[in-house]
There are 2 protein chains.
Amino acid sequence: MLLLDIGNTNIKVFEKGEIKRFDLKSFSFPKEKFYYICVNEDFKEKIEKLPNSVNLEGKFSLKTKYRGLGVDRAVACYGVFDGVVVDAGSAITVDLMIDHEHQGGFIMPGLSSYKESFANISSKLICNLDEEITLDRLPLKTTEALTYGVIKPIVCVIKEWAKDKKIYLTGGDAKALFKFFENCVYDEKLVFKGMQKVIKEIEC
Amino acid sequence: MLLLDIGNTNIKVFEKGEIKRFDLKSFSFPKEKFYYICVNEDFKEKIEKLPNSVNLEGKFSLKTKYRGLGVDRAVACYGVFDGVVVDAGSAITVDLMIDHEHQGGFIMPGLSSYKESFANISSKLICNLDEEITLDRLPLKTTEALTYGVIKPIVCVIKEWAKDKKIYLTGGDAKALFKFFENCVYDEKLVFKGMQKVIKEIEC
């Protein structure tokens, strides 16, 4: 079974338990049957027309009062009964699930956006994030101050909502955030697990 | 007495208790004596050469272990004995003062940077921040989710460091953040008050 998660900048392909990433611009869509979700407006119409494609959007219903929830967020949450779902990609989305019901969520810029923002503000703020950063004391130099100013607010707000609930981290920057949480699982297949659950339901 | 705070995009002029903002590109420097601080590398040399200018950088010493603290942050802190100093401009700087000693601090992108970041990530994330946002419940639609994702992490991390200390808010976006803190003063003259303190000391 072939699953595609089509984002704004790249495509993730899931097959035989493995995820492969491709650049959206140079990607050739497969000839065999595939299931997909797509948040990229420019690609939606094109893919919908392919006779071997099955769009999972609209094929499942996440219990929520949220209006306009992206299908990628919805499907990642769909596989989670209880906990905080964090997808750290080009944007970082945070969604709270309680008893298989979505309680709401929010969106922050992705980690790489912060770096760009700093560079646009001042040449003095051009830096790479410091991977060794510690969050339990205040920074005492600029590279620390910038990394802390990116990571700490994100960690702080996620922890405030998570409390003692489990945090499910997925997406390209999940690994960079993982070490700052205690009750946390890193699951790069979270979206695909949600998709598999939907497929199982619609094909039963 | 004429005071100038020269930033990356504009100049703030303080005279007779009033602050005026000017675009850096079209600003004509005054002919009379003025005191200034400058974080803009492109302008430093030019202003230093003016015979009527007095650079306050290097004329005061903030007690701190921080290396490379910007003079604007240092001077804002210089006038504060105890509390958290937040300067919400093109970047948002947060610094902790205890017993007139600087304990460290960090830097986040300014509010307008977040809006730009979202727009760069996806056309679906283009939005104006929702001024009516409430932070005590999870968002249930995209405009709320984006505003919350900007404001809440900033508020969260500042509160964590402030605890029961007073928060001193200054800078162009201070007003947008003010309502989210309890023990908070909004003081648009904070940097100039620090400058006045330095001038008083060096001219005594």
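Residues numbered from 1 in each chain as written. Chains lettered and ligands numbered in written order. Predicted model: local features only at pLDDT ≥ 70, side-chain atom pairs only at ≥ 80, totals over all residues. Heavy atoms only, no water.

Asks: Would you explain the pairing of strand β8 (residues 91-98) of chain A in this entry?
Replies: Here is the key point about a regular strand: its side chains alternate between the two faces of the sheet. Residues and elements named next belong to chain A. Along β8, seven of the eight residues are buried, which leaves the element largely enclosed by surrounding structure. In the sheet, strand β7 (residues 83-88) pairs with β8 via six bridges, with the strands oriented antiparallel. Paired with A88 across the strands is I92, a residue of β8. Connecting β7 to the next strand, β8, in antiparallel fashion are two residues. Both β8 and strand β9 (residues 101-109) contribute to a ladder of seven bridges, which runs antiparallel. Bridge assignment links I92 to a residue of β9, and that residue is M108. Between β8 and β9, which pair antiparallel one after the other, the connecting turn spans two residues, and D99 there sits at a positive phi close to 50°. (Buried < 20%, exposed > 50% of the residue type's maximum accessible area, 1.4 Å probe, protein only. Helix = DSSP H or I, 4+ residues; strand = E, 2+ residues; numbered from the N terminus. Pairing = 2+ DSSP bridges.)

Asks: Could you clarify how one ought to interpret the relation of the copies chain B and chain A in this entry?
Replies: Think of it as a corkscrew move, a rotation about one axis and a shift along it, taking one chain copy to the other. Taken as rigid bodies, chain B and chain A are interconverted by a rotation of 180° and an axial shift of 0.0 Å, the fit giving an RMSD of 0.0 Å. As the rotation angle and translation indicate, the two copies are arranged about a two-fold axis. In terms of proximity to the rotation axis, the leading residue of chain B is P153 of chain B, whose C-alpha is 2.3 Å off the axis. Same-surface contact between copies: 100% of interface residues of chain B are shared with the interface of chain A. (Least-squares fit on C-alpha atoms with pLDDT ≥ 70 in both. Contact = heavy atoms within 4.5 Å.)

Asks: Even after reading the chapter, I still don't get the interface of chain B and chain A, so can you show me in this structure?
Replies: A common way to express how large an interface is: the accessible area buried when the components associate. Taken together, the contacts link 47 residues of chain B with 47 residues of chain A. Here chain B and chain A share an interface that buries about 3,700 Å² over both sides, 66% of which is from carbon and sulfur atoms. On the surface where chain B and chain A come into contact, there are four salt bridges. In this structure, the salt-bridge partner of E41 of chain A is K124 of chain B, at a minimum N-O distance of 3.1 Å. (Buried area = accessible area lost by both parts, 1.4 Å probe. Salt bridge = Lys/Arg side-chain N within 4 Å of Asp/Glu carboxyl O.)

Asks: Quick question: what am I supposed to make of the sheet that holds β7 of chain A here?
Replies: Working definition: the strands of a sheet are paired by backbone hydrogen bonds and lie parallel or antiparallel to each other. Residues and elements named next belong to chain A. The mixed open sheet is built from six strands, whose spatial order is β6-β9-β8-β7-β10-β11. Unpaired on one side and paired on the other, β6 (63-64) and β11 (184-186) mark the two borders of the sheet. Across the sheet, helix α2 (residues 71-78) touches β7, β8 and β9, and the angle it forms with β8 is around 40°. (Axes fitted to C-alpha atoms, helices over the stretch in contact; angles between N-to-C directions.)

Keep in mind these values describe shape, not function.
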